[in-house]
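Inside the fold
The chain contents come next:
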Amino acid sequence: MTRVVVTGGSGRLGRSVVAGLAEAGYDVVSVDRALPADAQRTAEHPAVEHRAAELTDPEATLALMRSAAPEAVVNLAAIAVPFSAPEHVILQTNAVIAHNVAGAATEAGARRIVMASSPTVLGYGSPAGWLPPSFPLTERTPPRPWHAYGLSKHVAEQVAQMFAAARGEAVRYASFRPCYVIAPEEWAGAPTQQGHTVLERLDDPALAAPALFNYVDARDVTAFLEALLERMGAIRNGDTFFVGAADALARRPLAELIPQFVPGSEELAAGLTGTAPAFSIDKAREVLGWEPARSWRAELREGAGDSAPGQLTGAGQHGKDTA
């Protein structure tokens, strides 16, 4: 049984990853700044071990990793939302956590280390204007982060590549960019990360447009991580993957919608036909054999827009949510 530490395990994505890996047979240690309530721990998965740690503290992070002795580490911990704290705080916190976790996990003997990044590293939504070389966006699209959150996630990718360069093939590192995470309860109407429901994002394209209509079910991210952990020996060390749904969170083709919100993108977006998303997941498909199993068309439940705001409480500061 593989022992895996999941940092940010109490967050929107972390809860699904922790439960899913435990159900798949992993020996899971969930780490966050504070321990969840006893009822939450049992409800998520009774076999999961929960620990609290301040991951901005390098000595505390190393002590945690040495004590947990994981074979693999999935780092989801971060200040989760752009502009939710002062820019320097977001950059410093997220970059330091990424470096501390990767360094401590390596020193403690973990041989598979995965860092959560974000599609925002590409820089879409910049107030100065943004156009990519082409659509769909891929791992080859040049990063152009314009806020501290996007920069901090780009740094996390560079941390993985730095350690890969230093360690050679002895330890395997990877990063992944999960799209806008939808937790299972949000299909039934619980508020998403931004406070509105999935149905509201579909009914008002302006709500999903800042993320270029990307999304992914948290359980599909868990399946991706299972595939990645099993096949890390076959990837280029330090590599990065987009993780998203196979369609867009939109009722109309993105060839029509994106030009309304990204000036000058008419020709670039023209090739996004039908339900095609703006973000390609072909690399994860081809390299890892992963395929998302869930679409809003099947998951969204009748009456899903009826829940009152605030129904779902958030995780601790280190819980990872991705826009």
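Up top you'll find the structure we're talking about.
Quick summary incoming for the structure in this document. Computed from a predicted structure; not experimentally measured.

The rules we used
- Residues numbered from 1 in each chain as written.
- Predicted model: local features only at pLDDT ≥ 70, side-chain atom pairs only at ≥ 80, totals over all residues.
- Heavy atoms only, no water.
- Helix = DSSP H or I, 4+ residues; strand = E, 2+ residues; numbered from the N terminus.
- Rg over C-alpha atoms; globule rule 2.2 N^0.38 Å.
- Buried < 20%, exposed > 50% of the residue type's maximum accessible area, 1.4 Å probe, protein only.
- Contact = heavy atoms within 4.5 Å.
- 1 Å grid on protein atoms, 1.4 Å probe; cavity = no way out; pocket = protein on both sides within 12 Å on 5 of 7 lines; lining within 4 Å.
- Points joined across faces, edges and corners; volume = space filled by probe spheres on them.
- Core = buried A, V, L, I, M, F, W, Y, C linked by side-chain atoms within 4.5 Å.
- Pairing = 2+ DSSP bridges.
- Axes fitted to C-alpha atoms, helices over the stretch in contact; angles between N-to-C directions.
- Right-handed = clockwise from strand over helix to strand, strands pointing away.
- Parallel < 35°, antiparallel > 145°, perpendicular 65-115°, else oblique.
- Left-handed = near helix turned anticlockwise from the far one by under 90°.
- Nonpolar A, V, L, I, M, F, W, Y, C, P; charged D, E, K, R; others polar.
- Arc of directions from axis to C-beta.
- Polar contact = N/O pair within 3.5 Å; in protein donor to acceptor, adjacent residues only side chain to side chain.

**Overview of the overall build of the protein**
Across its full length, the protein carries twelve helices and nine strands. Whereas a compact globule of 323 residues would reach a radius of gyration of roughly 20 Å, the protein reaches 19 Å, a difference of no more than 12%. Principal-axis analysis of the C-alpha atoms places the extent of the protein at approximately 55 × 45 × 40 Å. Counting all 323 residues of the protein, 57% fall into the buried class. Partitioning the contacts of the protein with sequence separation of at least 6, the portion at a separation of at least 24 is 75%.

**Quick word on unusual backbone geometry**
Residue P136 follows F135 across a cis peptide bond; omega there is 0°. The residue P136 is located in the loop between β5 (112-116) and α5 (148-167) in this model. For L212, which is not glycine, the phi torsion reads 55° and is therefore positive. Topologically, L212 is positioned in the loop between α7 (205-208) and β8 (216-217). Given a relative accessible area of 3%, L212 falls into the buried group. For F213, which is not a glycine, the phi torsion comes out positive at approximately 65°. The topology assignment puts F213 in the loop between α7 and β8.

**Topic: empty space enclosed by the protein**
A full pass over the atoms with the stated rule returns one cavity of 30 Å³ or more. Around the largest cavity, the lining residues are C179, N214, Y215, G244, A245, D247, P277 and F279.

**Things to note about the nonpolar core**
In terms of nonpolar packing, the biggest core is built from 56 residues, with F224 and L228 touching the most fellow members. Looking at this core, the element that brings in the most residues is helix α8 (residues 218-231), giving seven residues. Residues in contact with L228, not counting those within four places in the same chain, are V114, A174, I235, F241 and L288. If you look at the next biggest cluster of nonpolar residues, it comprises 27 residues, including V73, A105, A110 and I113.

**As for the sheet that holds β5**
As summarised here, the arrangement of the seven strands in space is β3-β2-β1-β4-β5-β6-β9, forming an open sheet in which the pairing is parallel. The open sheet has two edge strands with one neighbour each: β3 (49-52) and β9 (239-243). Across the sheet, the axes of successive neighbouring strands diverge by a mean angle of 20°, strand direction being ignored. Where strand β2 (residues 27-32) meets β3, four bridges bridge the pair, whose relative direction is parallel. Its bridge partner lying in β3, D32 is registered against A52. Helix α3 (residues 58-68) contacts β1 (3-7), β2, β3 and β4 (72-75) of the sheet and is inclined by roughly 155° relative to β1. Lying over the sheet, α5 contacts β5, β6 (172-178) and β9, oriented at roughly 165° with respect to β6.

**A look at the layout of surface pockets**
Taken as a whole, the second largest pocket holds about 190 Å³ of empty space. In terms of lining, the second largest pocket is formed by Y124, G125, S126, G129, W130, L131, A209, P210, L212, F261, V262 and P263.

**Describing the pairing of β6**
Along β6, seven of the seven residues are buried, which leaves the element largely enclosed by surrounding structure. Neither face of β6 is open: one carries R172, A174, F176 and P178, the other Y173, S175 and R177, and all of them are buried. The sheet contact formed by β5 and β6 spans five bridges and is parallel. Bridging from a neighbouring strand, V114 pairs with A174 of β6. In this fold, the crossover linking β5 to β6 by way of α5 has right-handed handedness.

**With respect to the environment of G264**
Mapping G264 onto the fold places it in the loop between α9 (254-261) and α10 (266-269). Sequence separation between G264 and L131 is 133 residues; the distance between their C-alpha atoms is 7.5 Å.

**Considering the packing of α3 against helix α4 (residues 87-107)**
Running from amino to carboxyl end, α3 crosses α4 at an angle of 40°, the nearest separation of the two axes being 8 Å. Classed by the angle they form, the pair α3 and α4 counts as oblique. Note on packing geometry: the crossing formed by α3 with α4 is right-handed. On α4, the residues that touch P58, T61, L62, M65 and R66 of α3 are N100, V101, A104, A105 and E107. Its residues assigned to classes, the contact of α3 with α4 comprises six nonpolar, two polar and two charged.

**Things to note about α3**
Listed in full, the buried residues belonging to α3 are T61, L62, L64, M65 and A68. Taken end-on, α3 shows its buried residues confined to a sector of 160°, consistent with a single buried face. Counted as exposed and oriented over 90 degrees from the buried face of α3: E59 and R66. In this fold, the buried residues of α3 make contact with β1, β2, β3, β4 and α4. With a side-chain oxygen positioned 3.0 Å from the backbone nitrogen of E59, the residue opening α3 is D57. Following α3 by one or two positions, A69 has its phi on the positive side, about 50°.

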